[in-house]
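# Structural description and commentary
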Amino acid sequence: MITVSQLLDEHWYERYKRISKLNIRSSIYDVTNRCNLRCKGCFFFSSGEHKAAPEEMDIKKWEAFIDSEKQRGVNLAILIGGEPTLCLDRVAAFYKRLSTFCATNGLIKIPRDRFPDMMLGISLWGDEVDEKVLRGKDTFSISSKNYQGDPLVYYLYTITPKQIGKTDRIIRKITDVGLKVHMQLLSNDEGVDGFSWTPGQLEAIRMEMDAMLDAYPDTVISCRYYHEIITTGQMLGRRFGWNECPSVTQPLDKRTPQPKRLIEFIRWASDLKTMHRCCTSETRDCSTCKDGAAHMSWVMVNKRAHIRTPKDLQNWIEVYEMFGKLYQFIPW
Ligand code: SF4
Ligand code: SF4
């Protein structure tokens, strides 16, 4: 049997040891069913998840729920919605109890005196034109003013097919405001004309993502293997989809055989009782899913399969490190 130490030189082994100490147990929470935007293609609204359950309004119930999540072993709370910043008391309840990551559209500035070291990911759907078409607003002009130079903020840049050839300009803009960026691909859940991927476009954007990583190594939080996985949907000859997805809510996961999966992962609705199927859209056809977190988790839970060649294992380490950086387990 091949072992990790046989495959790695000293430098890579040190990197491997650093991430091996992490024992990440994440779950995802819909903080609210409301949002101050209505983006075309937002999985939350397009799948009707905002109507799945009424919001729990009693902050004491949120606090007790988060305590029970902590007891369940969760050590990373990923807050989504809707727009979490509309309910800062709920965000604070998480922040006081758990390592907390908050996804936001960046239109409302989180007060840093109240949340001094909370990591934020700001959604960005392309350039000014794309953002106006898909979100009704050029959000970057607002979010970049709110968070310029903040060391704990990155843009979660959802790349659409219309962005091919344009990512350099966006990433330069992000560099200029002193923030980081992580790239993912749009899953066109609402079938907006011209925003579904073709194989040729996926190949082109993979090359472009690699080029951005080379050109902006201090701004782009990514790695080439992630680009390969997300654009091809393939890992070591296996195809991503329902049978392989690691990010299915555990109590709802009746798949046999069970694939490698995130331990105890649950995505909770904002009534604190209802569970959603997975980390993203309840109704998405898994064969079209481009969810970035699900793809990186897919790599991470399949360590054993990567203990094959030095390159395979290094790829696995780089994806794990990328996740660690995005959720503040290791520094940028
Ligand atoms: S800002 Fe986020 S939650 Fe709100 S509509 Fe857009 S994608 Fe959905
Ligand atoms: S939609 Fe994506 S994240 Fe959800 S179960 Fe399917 S493959 Fe997994």
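Up top you'll find the structure we're talking about.
Described in the following lines is the structure provided in the data block.

## Describing the site of ligand 2
In the region of ligand 2, 14 residues are neighbours, and Cys 245, Cys 278, Cys 286, Cys 289 and Ala 294 sit closest. In the shell around ligand 2, the residues fall into 8 nonpolar, 4 polar and 2 charged.

## Points about the nonpolar core
Grouped together as the largest cluster of nonpolar side chains are 86 residues, with contacts concentrated most on Leu 79, Tyr 155, Val 181 and Val 319. Per-element tally for this core: the top contributor is helix H13 (residues 310-326), with 8 residues. Beyond its immediate chain neighbours, meaning those up to four positions away, Val 319 contacts Cys 223, Tyr 225, Tyr 226, Met 296, Val 299 and Met 300.

## Thoughts on the sheet that holds strand S2 (residues 76-80)
Taken together, 8 strands build an open sheet; the order of strands is S6-S5-S4-S3-S2-S1-S9-S10 and the sheet is mixed. For this open sheet the edge positions go to strand S6 (180-185) and strand S10 (275-276), each flanked by a neighbour on one side alone.

## Side note on the site of ligand 1
Every residue lining ligand 1 is accounted for by Cys 35, Leu 37, Arg 38, Cys 39, Cys 42, Phe 44, Phe 45, Gly 81, Gly 82, Glu 83, Asn 105 and Ser 123. Split by residue class, the shell around ligand 1 holds 6 nonpolar, 4 polar and 2 charged.

## Details of the pairing of strand S5 (residues 153-159)
Of all the 7 residues making up S5, 7 are buried; the element is thus mostly covered by neighbouring parts of the structure. Strand direction decides the pairing type here: strand S4 (residues 119-124) and S5, joined by 5 bridges, are parallel. Across the sheet, the residue bridging to Gly 121 is Tyr 154, located in S5. Here 6 bridges tie S5 to S6, and the two strands are oriented parallel to one another. The partner of Tyr 154 across the bridge, within S6, is Lys 180. Taken together, S5, helix H8 (residues 167-176) and S6 constitute a β-α-β crossover, and its handedness is right-handed.

## Some details on helix H11 (residues 292-301)
Among the 10 residues in H11, 9 count as buried, and that is most of the element. Looking at H11, one finds that the buried residues are Gly 292, Ala 293, Ala 294, His 295, Met 296, Ser 297, Trp 298, Val 299 and Met 300.

## Concerning the packing of helix H2 (residues 10-20) against H13
A pair of packed helices is captured by two measures, namely the crossing angle of their axes and the spacing between those axes. Taken N-terminus to C-terminus, the directions of H2 and H13 make an angle of 45°; their axes are 10 Å apart at the nearest point. When the axis of H2 is compared with that of H13, the two are oblique. H13 is crossed by H2, and the crossing has left-handed handedness. Contacts from Trp 12, Arg 15, Tyr 16 and Ile 19 in H2 reach Gln 314, Ile 317, Tyr 320, Glu 321 and Gly 324 in H13. Split by residue class, the contact of H2 with H13 holds 5 nonpolar, 2 polar and 2 charged.

## A look at the pairing of S2
In terms of residue burial, S2 counts as a mostly covered element, since 4 of its 5 residues are buried. Alignment of strand S1 (residues 26-30) against S2, held across 5 bridges, turns out to be parallel. Counted as the bridge partner of Asp 30 is Ile 80 from S2. The sheet contact formed by S2 and strand S3 (residues 100-104) spans 3 bridges and is parallel. Residue pairing for S3: Leu 79 is matched across the bridge by Cys 102. For the crossover that starts at S2, traverses helix H5 (residues 88-97) and ends in the parallel S3, the hand is right-handed.

The rules behind each value
- Starting afresh in each chain, residues are numbered from 1 along the sequence in its written order.
- Whichever chain is written first is A, and whichever ligand is written first is 1; the rest continue in order.
- For a predicted model such as this one, the threshold for reporting local features is a pLDDT of at least 70, and the threshold for listing and counting side-chain atom pairs is 80 or more; totals across whole chains, interfaces and linings nevertheless cover every residue.
- All residues are tested the same way: a C-beta atom is placed from the backbone, and lying within 6 Å of a molecule or strand makes the residue near it.
- Here the nonpolar group is Ala, Val, Leu, Ile, Met, Phe, Trp, Tyr, Cys and Pro; Asp, Glu, Lys and Arg are the charged ones; every other residue, Gly included, is treated as polar.
- By convention the nonpolar core is taken to be a set of buried residues drawn from Ala, Val, Leu, Ile, Met, Phe, Trp, Tyr and Cys and joined through C-beta atoms within 7 Å.
- Burial is judged by counting other C-beta atoms within 10 Å of a residue's own C-beta: 20 or more means buried, 12 or fewer means exposed, and anything between counts as partly exposed, with every C-beta placed from the backbone.
- Per the convention used, a helix needs a DSSP run of H or I reaching at least four residues, while a strand needs a run of E reaching at least two, with both numbered from the N terminus.
- Contact between two residues is assigned when their C-beta atoms, built from the backbone, lie within 7 Å.
- Whether two strands pair depends on DSSP finding at least two bridges between them.
- With the strands pointing away from the viewer, any crossover whose connection runs clockwise from the first strand over the helix to the second is right-handed.
- Where helices are involved, their axes are fitted lines through C-alpha atoms of the stretch in contact, as for all axes, and angles between N-to-C directions lie from 0 to 180°.
- Any angle between 65 and 115 degrees counts as roughly perpendicular, while under 35 counts as roughly parallel, over 145 as roughly antiparallel, and the rest as oblique.
- Crossing handedness is defined as follows: a turn of the near helix away from the far one that is anticlockwise and smaller than a right angle gives a left-handed crossing, while the clockwise case is right-handed.

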